[in-house]
Amino acid sequence: QVQLVESGGDLVQPGESLRLSCAASGSIFTIQTMGWYRQVPEKSRELVATITSGGSTNYADSVKGRFTISRDNAKNTVYLQMNSLKPEDTAVYYCNAGGSYYYQGRLRSFGSWGQGTQVTVSS
């Protein structure tokens, strides 16, 4: 299978910046789309941003102009640069990736989630 490990979550003040990273590992053949989602207690997980292997991006309206998603295909890593953070950005941020990997000599598709990293924006 494919494992995702996030890092970079922290407690910051409003207006500050934070950069999240997510590295994928395993017998990866290709990763098509990588993305970031977030969730607060008692609410559904919501899309923050996604990026394709070709570099096409998609953002939630609430983060457009403040967050930037990028990826390093050679390292199977996706980043989320978060600027001008607001208290409403407080959430657990999850990394997601989909693509194909080798298993028992055959290519299989995967869709994986990371374990989540806490981002807290508070004065």
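What you see is a predicted model; the values in this text were computed from it and never measured. (Residues numbered from 1 in each chain as written. Predicted model: local features only at pLDDT ≥ 70, side-chain atom pairs only at ≥ 80, totals over all residues. Heavy atoms only, no water.)

Draft legend 1. Structural view of the sheet that holds strand β7 (residues 67-72). Taken together, 4 strands build an open sheet; the order of strands is β1-β3-β8-β7 and the sheet is antiparallel. Each having just a single partner strand, β1 (2-7) and β7 make up the two edges of the open sheet. Sheet twist, expressed as the average angle between the axes of neighbouring strands with direction ignored, equals 15°. Strand direction decides the pairing type here: β7 and strand β8 (residues 77-82), joined by 6 bridges, are antiparallel. Among the inter-strand pairings, Ile-69 is bridged to a residue of β8, identified as Leu-80. (Pairing = 2+ DSSP bridges. Helix = DSSP H or I, 4+ residues; strand = E, 2+ residues; numbered from the N terminus. Axes fitted to C-alpha atoms, helices over the stretch in contact; angles between N-to-C directions.)

Draft legend 2. Quick peek at the side chain of Arg-71. Within the secondary structure layout, Arg-71 lies in strand β7. Of the side chains with opposite charge, Asp-72 lies nearest to the buried Arg-71, which makes no salt bridge, at 8.1 Å. In this structure the side chain of Arg-71 is engaged in a polar contact, spanning 3.0 Å, whose partner is the backbone oxygen of Gln-32. Polar contacts involving the side chain of Arg-71 include one to the main-chain carbonyl oxygen of Thr-52, which spans 3.3 Å. (Buried < 20%, exposed > 50% of the residue type's maximum accessible area, 1.4 Å probe, protein only. Lys, Arg positive; Asp, Glu negative; His and termini not counted. Salt bridge = Lys/Arg side-chain N within 4 Å of Asp/Glu carboxyl O. Polar contact = N/O pair within 3.5 Å; in protein donor to acceptor, adjacent residues only side chain to side chain.)

Draft legend 3. The state of the cysteines, seen in detail. Under the counting rule described, the total for this entry stands at 1 disulfide. With a sulfur-sulfur separation of 2.1 Å, Cys-22 is cross-linked through a disulfide to Cys-95. Here the S-S torsion is close to -80°, and the disulfide linking Cys-22 with Cys-95 is therefore left-handed. Taken together, the residues Cys-22 in strand β3 (residues 18-26) and Cys-95 in strand β9 (residues 91-103) connect sequence positions 73 residues apart. (Disulfide = S-S within 2.5 Å.)

Draft legend 4. Here's a closer look at the pattern of salt bridges. Applying the stated criterion across every chain, the model contains 4 salt bridges. Residue Arg-38 is joined to Glu-46 by a salt bridge in which the shortest nitrogen-to-oxygen separation is 2.7 Å. Judged by its relative accessible area of 6%, Arg-38 falls in the buried class. Judged by relative accessible area, which is 36%, Glu-46 ranks as partly exposed. Residue Asp-89 pairs with Arg-38 through a salt bridge whose shortest N-O separation is 3.0 Å. Remark: Arg-38 occurs in strand β4 (residues 28-39) and Asp-89 occurs in the loop between β8 and β9; sequence separation between them is 51 residues.

Draft legend 5. Layout of the nonpolar core. Membership of the largest hydrophobic core comes to 31 residues, with the highest contact counts inside it found for Trp-36, Leu-80, Met-82 and Tyr-93. Counting only elements with at least two residues in this core, the list comes to β1, β3, β4, β5 (46-52), β7, β8, β9 and β11 (117-121). The element best represented in this core is β9, accounting for 5 residues. Here Met-82 is in contact with Glu-16, Ser-17, Leu-18, Leu-20, Arg-66, Phe-67, Tyr-93 and Val-119, once residues within four sequence places are set aside. (Core = buried A, V, L, I, M, F, W, Y, C linked by side-chain atoms within 4.5 Å. Contact = heavy atoms within 4.5 Å.)

Draft legend 6. Seen up close, the side chain of Ser-21. Tracing the backbone shows Ser-21 in strand β3. Residue classification places Ser-21 among the buried residues on the basis of a relative accessible area of 18%. Among all residues touching Ser-21, those that are not within four sequence positions of it are Val-5, Glu-6, Ser-7, Trp-36, Val-78 and Tyr-79.

Read these as geometric descriptors, not functional statements.
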